[in-house]
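# Analysis of the macromolecular model
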Amino acid sequence: RAKADGRGQFRFFSPEQDASARARRALEADLRLAIERGEIALAYQPIVATATGQITSVEALARWSHPVHGPIPPDLFVSLAEESGLIHALGALVLRRACADATNFAVDVRVAVNLSPLQFQGGALCEQVRAILAETGLDPHRLQLEVTEGLVIRDVEATFHELNRLRAQGIHIHLDDFGVGYSSLGYFQRFRFDTVKIDKSFVDTIATSASARAIIGAVVGLGGALGMKVVAEGVEEAAQMELLVALGCTHLQGYLFSRPVSAEAVRALLAQPAAPLRAAL
Ligand code: C2E
Ligand code: MG
Ligand code: MG
Ligand code: MG
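These lines cover the structure that appears in this document, whether it is placed above or below. What you see is a predicted model, and the numbers here were worked out from it, not measured in a lab.

Parameters and conventions
- Residues numbered from 1 in each chain as written.
- Chains lettered and ligands numbered in written order.
- Predicted model: local features only at pLDDT ≥ 70, side-chain atom pairs only at ≥ 80, totals over all residues.
- Heavy atoms only, no water.
- Near = heavy atom within 4 Å.
- Polar contact = N/O pair within 3.5 Å; in protein donor to acceptor, adjacent residues only side chain to side chain.
- Areas by Shrake-Rupley, 256 points an atom, 1.4 Å probe, with all protein chains shown as cover.
- 1 Å grid on protein atoms, 1.4 Å probe; cavity = no way out; pocket = protein on both sides within 12 Å on 5 of 7 lines; lining within 4 Å.
- Sits in = over half its atoms within 2 Å of the grid points.
- Helix = DSSP H or I, 4+ residues; strand = E, 2+ residues; numbered from the N terminus.
- Donors = N, O, S within 2.8 Å, 3.2 Å for Na, K, Ca; no water.
- Buried < 20%, exposed > 50% of the residue type's maximum accessible area, 1.4 Å probe, protein only.
- Salt bridge = Lys/Arg side-chain N within 4 Å of Asp/Glu carboxyl O.
- Disulfide = S-S within 2.5 Å.
- Phe/Tyr/Trp six-rings, centres within 6.5 Å; stacked < 30°, edge-to-face > 60°.
- Lys NZ or Arg CZ within 6 Å of the ring centre and 35° of its normal.
- Core = buried A, V, L, I, M, F, W, Y, C linked by side-chain atoms within 4.5 Å.
- Contact = heavy atoms within 4.5 Å.
- Pairing = 2+ DSSP bridges.
- Right-handed = clockwise from strand over helix to strand, strands pointing away.

### Description of the site of ligand 1
Neighbouring residues of ligand 1: 22 residues in total, closest Arg63, Asn114, Asp176, Glu236 and Tyr255. Separating a nitrogen atom of ligand 1 from a side-chain N or O atom of Gln45 is a distance of 3.1 Å. Out of a free accessible area of 800 Å², ligand 1 has 82% covered by protein chains. Given that more than half its atoms are within 2 Å of the pocket grid, ligand 1 belongs to the largest pocket. Taken together, the elements giving at least two residues each to the shell around ligand 1 come down to β4 (55–66), α2 (74–84) and β8 (172–178). In terms of residues, the shell around ligand 1 owes the most to one element, β4, which gives four residues.

### Details of the coordination of the magnesium ion (ligand 2)
Taken together, Glu59 (OE), Asn114 (OD1), Glu146 (OE) and Asp176 (OD) make up the protein donors of the magnesium ion (ligand 2), found 2.0 to 2.2 Å from the metal. Expressed as a motif, the donor residue spacing for the magnesium ion (ligand 2) is E-x54-N-x31-E-x29-D. Here the magnesium ion (ligand 3) and the magnesium ion (ligand 2) are spaced 4.0 Å from one another, each receiving a donor from Asp176. Taken as a pair, Asn114 in strand β6 (residues 110–114) and Asp176 in strand β8 lie far apart in primary sequence, 62 residues in all. The exposure class of Asn114 is partly exposed, given its relative accessible area of 28%. Since its relative accessible area comes to 5%, Asp176 is described here as buried.

### Some words on the pattern of salt bridges
Under the counting rule described, the total for this entry stands at 12 salt bridges. The salt bridge involving Glu236 is made with Lys200; its shortest N-O contact spans 3.9 Å. On the criterion of sequence distance, the pair formed by Glu236 in the loop between β10 (229–232) and α9 (238–247) and Lys200 in helix α7 (residues 200–204) is long-range, its members being 36 residues apart. Bridged by salt links that share partners, the residues Glu59, Glu146, Lys197 and Glu233 form one connected network.

### Considerations on unusual backbone geometry
Positive phi values are uncommon outside glycine, yet Asp177 reaches one of about 55°. With respect to the helices and strands, Asp177 occurs in strand β8.

### With respect to the state of the cysteines
As enumerated under the stated definition, the model contains zero disulfides in all. No disulfide involves Cys99; its sulfur sits 13 Å from that of Cys126, the nearest cysteine.

### Comments concerning the packing of aromatic side chains
Counted under the stated rule, the structure contains seven aromatic pairs. Between Tyr44 and Phe105, the aromatic rings sit 5.3 Å apart at their centres with planes inclined by 85°, giving edge-to-face as the arrangement. With Tyr44 in strand β3 (residues 40–49) and Phe105 in the loop between α3 (87–102) and β6, this pair connects stretches of sequence that are 61 residues apart. The residues Tyr44 and Phe105 share a single accessibility class, namely buried. Between Phe178 and Phe188, the ring centres sit 5.4 Å apart and the planes meet at 70°, which makes this aromatic pair edge-to-face. Residue Phe178 is found in strand β8, and its partner Phe188 is found in helix α6 (residues 186–190); the two are separated by 10 residues along the sequence. Looking at Phe178, the relative accessible area reads 8%, which means it is buried. With relative accessibility at 9%, the residue Phe188 sits in the buried group. Taking NZ or CZ as reference, Arg259 lies 3.9 Å from the ring centre of Tyr255, over its face.

### Describing the environment of Ala210
The topology assignment puts Ala210 in helix α8 (residues 210–226). Under the relative-accessibility criterion, Ala210 is labelled exposed at 52%. Considered as a pair, Ala210 and Leu143 are 67 residues apart in the sequence and their alpha carbons are 35 Å apart.

### Remarks on the nonpolar core
Tyr44, Leu143 and Phe193 are the most contacted members of the largest nonpolar core, which totals 73 residues. No other element matches α3, which puts eight residues into this core. Each residue touching Phe193, except ones within four places of it in the same chain, is listed here: Val147, Leu163, Ile173, His174, Leu175, Tyr187, Phe188 and Met228.

### Things to note about the pairing of β10
The pairing of strand β9 (residues 195–198) with β10 spans four bridges and is parallel. Bridged to Lys197 within β10 is Val231. Here β10 pairs with strand β11 (residues 251–252) via two bridges, running parallel. In the strand pairing of β11, Ala232 is matched with Leu252. Handedness of the crossover joining β10 and β11 through α9: right-handed.

Remember that the coordinates give geometry; whether it matters functionally is a separate question.
Laid out in structure tokens, this is it:
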């Protein structure tokens, strides 16, 4: 109930803190059940090439609708899964379903799957991915894995080794949320990412912030020099799109083009000619 805070005093947990810890544990138990029952859904959000207006890829985003509390934000249940060790089961479920769904999408469209840094622990990720690709029959070239900067700070050597093994299978590796984490330009020297995704926070302020534009321009320059595609995330307004195109981003993703939608809806979107998205550009 009480803990010494190291200065001979006691800090008591408030009833509120107790209740919130209990609520978290209850949610964790529900998440475990939902994963076991396969009740995690995937939504897919298009990524559009600025040059053509075509959807080149779709990002798989996990969705959990709690029977009582309704939709739980992914940031919340992913971190809950990371804290409780459920991330391995969740990660496998997401990967398996995304690869299976992608076999029903147009063949020139890739699918991007987010990975937690914790999925790199244990050294079994590469074999798991290989097994899921074999099981679903998805061409490895159509799979993109999104990792965040936080990934690299744990065990640098092991992580880059695992990333290289994944790339050797033909899988593309994206660096997600670039610019807001523990960024080190040195990563780009250690590993050639296929794509760098500029965090939404830069896009949000692009119209008003000269420094946001300078940073995006610098990342585009880096991407061009290192042969990486540059995706801007969270594009909501036409004015943002115009600035991002002018700055040279090769790909865009955001509500302006499409919200994340069901597998069936994205499949229908992909079956259409590029007209609706081209119109936005
Ligand atoms: P992320 O990988 O950076 O994904 C992009 C997030 O931005 C998604 O939020 C997407 O819905 C949102 N987004 C895209 N365009 C717009 C826009 O124009 N406006 C706004 N306001 N938001 C936009 P979501 O789906 O809530 O996911 C949040 C984060 O949760 C993801 O960020 C990712 O880090 C994590 N996540 C989601 N699914 C998974 C998963 O299957 N595995 C893991 N490990 N993490 C996941
Ligand atoms: Mg992502
Ligand atoms: Mg992101
Ligand atoms: Mg994110």
